[in-house]
Amino acid sequence: MPLQGEYEPSTSKWARDQAELYESSGGTKGTMLNGRPVIILTSIGATSGKLRKTALMRVEHEGDYAVIGSRGGSPKHPAWVFNLRANPHVELQDGPTKRDYSVREASGAERDEWWARAVEAYPPYANYQKKTERLIPVFVLEPLED
């Protein structure tokens, strides 16, 4: 069941513009960032309860996805990490395809496996982890039944 509620655009202009271009074009424009494919993640705000849209690097394997809470190696998690922890039902748009997913935070060997896929998909993640003392969270998204 698609997420419903009031949409609150990002306070970051580039993030807001990327998400809006991606969605308004039906997933045919705004699909690349730094030369790599991106997806649009729609989550429910942990505090506000409003819909939040975030462009993230595309990390996919056999129909499942991972989203990486890197924030460029900042010492703090991106806000959407808290959204996923509080509300583990999200929508993900990959090109023209939009589906509902359940979310769980990966740990141990599973995290390591998805982290390797993430670094392959977007090599700067490796440097982001070196820049911060926090373990960058990895969330696995599995499709919900239609």
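First, a word on scope: everything that follows refers to the structure included in this document.

Rules of the game
Residues numbered from 1 in each chain as written. Predicted model: local features only at pLDDT ≥ 70, side-chain atom pairs only at ≥ 80, totals over all residues. Heavy atoms only, no water. Phe/Tyr/Trp six-rings, centres within 6.5 Å; stacked < 30°, edge-to-face > 60°. Helix = DSSP H or I, 4+ residues; strand = E, 2+ residues; numbered from the N terminus. Buried < 20%, exposed > 50% of the residue type's maximum accessible area, 1.4 Å probe, protein only. Lys NZ or Arg CZ within 6 Å of the ring centre and 35° of its normal. Core = buried A, V, L, I, M, F, W, Y, C linked by side-chain atoms within 4.5 Å. Contact = heavy atoms within 4.5 Å. Salt bridge = Lys/Arg side-chain N within 4 Å of Asp/Glu carboxyl O.

A look at the packing of aromatic side chains
On inspection of all chains with the given rule, the structure shows six aromatic pairs. Look at tyrosine 125 and tyrosine 128: their rings are 6.1 Å apart centre to centre, the planes differ by 75°, and that puts the pair in the edge-to-face class. Residue tyrosine 125 and its partner tyrosine 128 are both found in helix α4 (residues 124-131); the two are separated by three residues, about one turn of the helix. Comparing tyrosine 125 with tyrosine 128, the two get one shared label, buried. Each residue in the set Trp115, Tyr122, Tyr125 and Tyr128 is aromatic and connected to the rest through ring pairs, giving one cluster. Across from the ring centre of tyrosine 7, 5.5 Å away, lies the NZ or CZ of lysine 53, which sits over that ring. Sitting above the plane of the tryptophan 114 ring, arginine 117 keeps its charged end 4.6 Å from the centroid.

Looking at the nonpolar core
The biggest cluster of nonpolar side chains holds 20 residues, and the ones touching the most others in it are Met57, Ala66, Ile68, Trp114, Trp115, Tyr125 and Val138. Tallying contributions element by element places helix α3 (residues 108-121) first for this core, with three residues. Setting aside residues up to four positions removed in sequence, tyrosine 125 forms contacts with Met57, Ile68, Ser70, Trp115, Ala118 and Val119. Ranked by size, the runner-up nonpolar core spans 14 residues in total, among them Leu56, Tyr65, Trp80 and Val90.

Observations concerning the pattern of salt bridges
A full pass over the atoms with the stated rule returns 12 salt bridges. Taking the shortest distance from any N to any O, the salt bridge between lysine 13 and aspartate 17 comes out at 2.6 Å. A residue pair is termed a helical-turn pair when its members lie 3 or 4 positions apart in one helix, as lysine 13 and aspartate 17 do in helix α1 (residues 13-24) at four residues. For lysine 13, a relative accessible area of 53% gives the class exposed. Measuring nitrogen to oxygen at the nearest pair gives 2.7 Å for the salt bridge that ties arginine 117 to glutamate 113. Taken together, the residues arginine 117 and glutamate 113, both in helix α3 and four residues apart, mark about one turn of the helix. Arginine 117 gets classed as buried once you look at its relative accessible area, which sits at 18%. For glutamate 113, a relative accessible area of 45% gives the class partly exposed. Shared partners join several salt bridges into a network, and the residues in it are Glu6, Glu8, Lys50 and Arg52.

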